[in-house]
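# Coordinate analysis (summary)
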Amino acid sequence: AACVARCCAIAALGLACSSSRPSPVVAPNRFEAASISDWIPADVDFLVRIDAARLRRHPLAEAAISPRLLGAAGSGVFRRILPALERAQAIYIGGRVMSDGFQGDGVIAIEDAATGSAEREALAKDGTVRRIALRAANVEAYERVGARRDEPAVELVFDRRGIVLATPAEGDALVRLLRSGPDSDRLEPPARGLVSVAGRPRGGVPAEGRMAWLRPVGEALAKYSASVDAGDAVQMEGELFYEGEEQAERARSALEAALAWAGAAGGPFRSLSDSARLARIGDVLEVRITIPFALIAAVN
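Residues numbered from 1 in each chain as written. Predicted model: local features only at pLDDT ≥ 70, side-chain atom pairs only at ≥ 80, totals over all residues. Heavy atoms only, no water.

### A word on the layout of surface pockets
To be explicit about the condition: Cavities and pockets are found on a 1 Å grid laid over the protein atoms alone: a cavity is a set of points where a 1.4 Å probe fits but cannot escape, a pocket is an open set with protein on both sides within 12 Å along at least five of seven lines, and a lining residue has an atom within 4 Å of such a point. Grid points are joined across faces, edges and corners, and a volume is the space filled by probe spheres set on the points. The numbering of helices and of strands both runs from the N terminus, where a helix is a DSSP run of H or I of at least 4 residues and a strand a run of E of at least 2. When residue character is reported, Ala, Val, Leu, Ile, Met, Phe, Trp, Tyr, Cys and Pro are called nonpolar, Asp, Glu, Lys and Arg charged, and the others, Gly included, polar.
Estimates place the volume of the second largest pocket at around 160 Å³. Taken together, Arg186, Leu187, Glu188, Ala198, Gly199, Arg200, Lys223, Tyr224, Ser225 and Phe241 form the lining of the second largest pocket. Mapped onto the lining of the second largest pocket, the elements with two or more residues apiece are β8 (195-199) and β9 (221-230). Per element, the largest residue contribution to the lining of the second largest pocket is three residues, and it comes from β9. In terms of residue class, the lining of the second largest pocket is built from four nonpolar, two polar and four charged.

### Describing the pattern of salt bridges
Worth spelling out the cut-off: Definition used for salt bridges: Asp or Glu carboxyl oxygen within 4 Å of a side-chain nitrogen of Lys or Arg. Under the scheme applied here, a residue whose accessible area is under 20% of the maximum for its type counts as buried, over 50% as exposed, and between as partly exposed, the area being computed with a 1.4 Å probe on protein chains only.
With the rule as written, the count across this model stands at 20 salt bridges. For arginine 87, the salt bridge identified is with aspartate 112, shortest N-O distance 2.5 Å. Note that arginine 87 is positioned in helix α4 (residues 76-87) and aspartate 112 in the loop between β3 (101-111) and α5 (117-124), a separation of 25 residues in sequence. According to the relative accessible area criterion, arginine 87 is partly exposed, its value standing at 30%.

### Section: the side chain of aspartate 45
Inclusion rule: Note on definitions: a residue-residue contact is assigned when non-hydrogen atoms from the two residues lie within 4.5 Å.
Within the fold, aspartate 45 resides in the loop between α1 (2-13) and β1 (46-50). Residue aspartate 45 is classed as buried on the basis of its relative accessible area of 7%. Not counting chain neighbours up to four residues away, the residues in contact with aspartate 45 comprise Gly95, Arg96, Val97, Leu187, Ala198, Gly199, Arg200, Arg202 and Tyr224.

### Points about the packing of aromatic side chains
Here a ring pair, both rings aromatic, is described through the centre-centre distance and the interplanar angle of the planes. Filter applied, for reference: When two rings of Phe, Tyr or Trp (its six-membered ring) have centres within 6.5 Å they constitute a pair, described as stacked for plane angles under 30 degrees, edge-to-face for angles over 60, and tilted for the intermediate range. Two thresholds decide whether a charge sits over a ring: the Lys NZ or Arg CZ must be within 6 Å of the ring centre and within 35 degrees of the ring normal.
Summed over the entire model, instances satisfying the criterion amount to two aromatic pairs. On the basis of an interplanar angle of 40° and a centroid distance of 5.4 Å, the ring pair of tryptophan 39 and phenylalanine 158 is categorised as tilted. Residue tryptophan 39 is found in the loop between α1 and β1, and its partner phenylalanine 158 is found in strand β6 (residues 154-158); the two are separated by 119 residues along the sequence. For the pair tryptophan 39 and phenylalanine 158, a shared accessibility class is recorded, and that class is buried. Between tryptophan 261 and phenylalanine 269, the ring centres sit 6.2 Å apart and the planes meet at 75°, which makes this aromatic pair edge-to-face. Here the guanidinium or amino end of lysine 223 rests over the ring plane of phenylalanine 241, the centre of that ring lying 5.0 Å away.

### Topic: the pairing of β8
As a reminder, the rule being used: Here a strand pair is declared whenever DSSP counts at least two bridges between the two strands.
The element β8 is largely enclosed, with a buried count of four among its five residues. Two elements, β1 and β8, share five bridges in a ladder whose sense is antiparallel. When the bridges of β8 are listed, leucine 47 appears paired with alanine 198. When β8 meets β9, the two strands line up antiparallel, connected through five bridges. Considered in β9, the bridge of alanine 198 is made with serine 225.

### Some words on the environment of valine 164
Position of valine 164 relative to the elements: it lies in strand β7 (residues 162-166). Sequence spacing of valine 164 and serine 37 is 127 residues, and the spatial spacing of their C-alpha atoms is 8.3 Å. If sequence neighbours within four positions are ignored, valine 164 has contacts with Ile36, Trp39, Val107, Ile108, Ala109, Val154, Glu155, Leu156, Phe158 and Leu174.

### What about the confidence of the model for the protein chain?
Selection rule: Every residue gets a pLDDT, meaning the predictor's confidence in that residue, from 0 to 100.
The predicted model of the protein chain averages 79 in pLDDT, with 73% of residues at 70 or higher. Per-element confidence in the protein chain ranges from a low mean pLDDT of 43 for α1 to a high of 97 for strand β11 (residues 277-281). Counting contacts from residues 1-29, a segment whose pLDDT is below 50, to residues more than four positions away or on other chains yields 91 contacts. In this model residues 68-74 is a low-confidence stretch, pLDDT under 50, and it forms 16 contacts with partners more than four residues away in sequence or in other chains.

### Remarks on unusual backbone geometry
If you check the backbone angles, arginine 160 has positive phi at about 55° while not being a glycine. Mapped onto the fold, arginine 160 is located in the loop between β6 and β7. The phi dihedral of alanine 220 is positive, around 60°, even though this residue is not glycine. Mapping alanine 220 onto the fold places it in the loop between α7 (215-218) and β9. What makes alanine 220 partly exposed here is its relative accessible area of 22%.

Following this line, the structure appears as structure tokens:
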């Protein structure tokens, strides 16, 4: 659970920014979306979904959305959204990975049925914020003038739906959605588990030194999705989509070899190895695995 909490917090706290702010625009009359996450641009490389409502009730993972943990860095983004985090149904964190790695460019969407007048009033009192003129009936949009690296540059407020915030590097993309509506090729994490993720890797998966065995898993990986749940242990399941069947088979062989090594190590590693299920269907590799809490404690 501590591992899950750290992963959620680190991913969220990484959303800082650096780019020019967009200009005000006039949007079409009305956009409908099935989920608040539909307003995350398709150009993000990964999208994490946190089932915040369930996580708050989970005795093993409640620290993952603790306001103290998420706001530990004093981020301007999190000072702005802490009230919504405390009542959120779901939190979506999308980010872009550049040639020099992840530099914090991204978008946060918070599903919150209580969103409305309080958020608009807070923004109206903020002297650094100006409203973007819209003709849409179900959303109000704002941009922050001179947004710093740790502040949202563009914000959408949906009545009784939630809020979406973009860092400056993603502000233009979010404004584009106001013109054209949600992207058809956007990432969609599985709607299951405490945490789930979908993504498209850039340049494969880094695999050096002791992690070199991962290289065949990352080669020719076109996209992926996975979910994490927790009961008596941590359950992970996911799908890896490859450019061809040959690459998917190499990835399966590499994972099988790693699991065989884990089984030979004994103890909780043996339990992990015995729980694993790999299935290749064409160019898709399905993975299911159970991670004992004893193994998580040993790694930490």
